[in-house]
Structures are given as structure tokens and as C-alpha cells.
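Chain and residue survey
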Amino acid sequence: QVQLVESGGGLVQPGGSLRLSCAASGFVFSSYAMSWYRQAPGKERELVARISSPTGRTNYADSVKGRFTISRDNAKNTVYLQMNSLKPEDTAVYYCNAFRFLDKREYWGQGTQVTVSS
């Protein structure tokens, strides 16, 4: 059974930091590119950051470059999103995504809420 379980969301003040984690199971984690998406109320889901495997190449949305860092630990089947200098506009539900280019197989987590507010 495939599972992507996000954790680490919460309420933080502007300028603060959070670290999201996504623990994966039920598939060959190292064969999948891992991404974080987010969806704010009334907006479409958008890609925040992606990390490939095995190269570890990363790409980021322009809105988070220099503030967010995605990383993965293939030994722990976990992907992380370190979020610094958070802004109110970062408020959203953050989703973990696994994607395999070979056959376009894709999995989603349930999401974790991040709220940036004073």
C-alpha cells in the first residue's frame, strides 16, 4: 500500500521557519522524483519545489527561490522542505508528490496546513 505522510506544518509568524517532512512507503522511493506542491484557498495547486533521483537536481518556483530548500534521504524514504523567511502568502496546504517519468505513475499525500500569520 502506497503512503505519503506529510508532517511539520503549523502556525508560524512572518519571518519564521518550518521544516516539512514526507515519509514514503509502498513503492521504490529512489525511482521517483519527489516534489512539494501547495494550494492556497481559492487558488490552483502549484509546484513549489522538486528534487530528482538519483542526481538530486532541484528546481523551485520563483516565489520561493532563496528561501526554501528541498532535500531527500533515500535511505529513510523521506523528502524534506525547509522553509525560511516565511511570508503570509506562503499560507497554503502543502502536498507531497511522487512522480516516475518512466511510466508517469504518480502518488499524492494528504497535505499539511502551513499558516503564516502574526
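Note that the coordinates shown come from a computational prediction; the quantities given were computed from them, not determined experimentally. (Residues numbered from 1 in each chain as written. Predicted model: local features only at pLDDT ≥ 70, side-chain atom pairs only at ≥ 80, totals over all residues. Heavy atoms only, no water.)

**Observations concerning the pattern of salt bridges**
Scanning all chains against the criterion turns up six salt bridges. For Lys65, the salt bridge goes to Asp62, with nearest N and O atoms at 3.1 Å. Classification of Asp62 as exposed rests on a relative accessible area of 64%. In this structure, Asp103 engages Arg100 in a salt bridge whose closest nitrogen and oxygen atoms are separated by 2.6 Å. Assessed through its relative accessible area of 36%, Asp103 is described here as partly exposed. (Salt bridge = Lys/Arg side-chain N within 4 Å of Asp/Glu carboxyl O. Buried < 20%, exposed > 50% of the residue type's maximum accessible area, 1.4 Å probe, protein only.)

**Quick look at the pairing of strand E4 (residues 33–39)**
Burial runs high along E4: six of the seven residues are buried. Alignment of E4 against strand E9 (residues 92–100), held across seven bridges, turns out to be antiparallel. The partner of Met34 across the bridge, within E9, is Ala98. Bridge count between E4 and strand E5 (residues 46–51): five bridges; the pairing is antiparallel. Paired with Ser35 across the bridge in E5 is Arg50. Adjacent in sequence and paired antiparallel, E4 and E5 are bridged by six residues, among which Gly42 carries a positive phi angle near 80 degrees. (Helix = DSSP H or I, 4+ residues; strand = E, 2+ residues; numbered from the N terminus. Pairing = 2+ DSSP bridges.)

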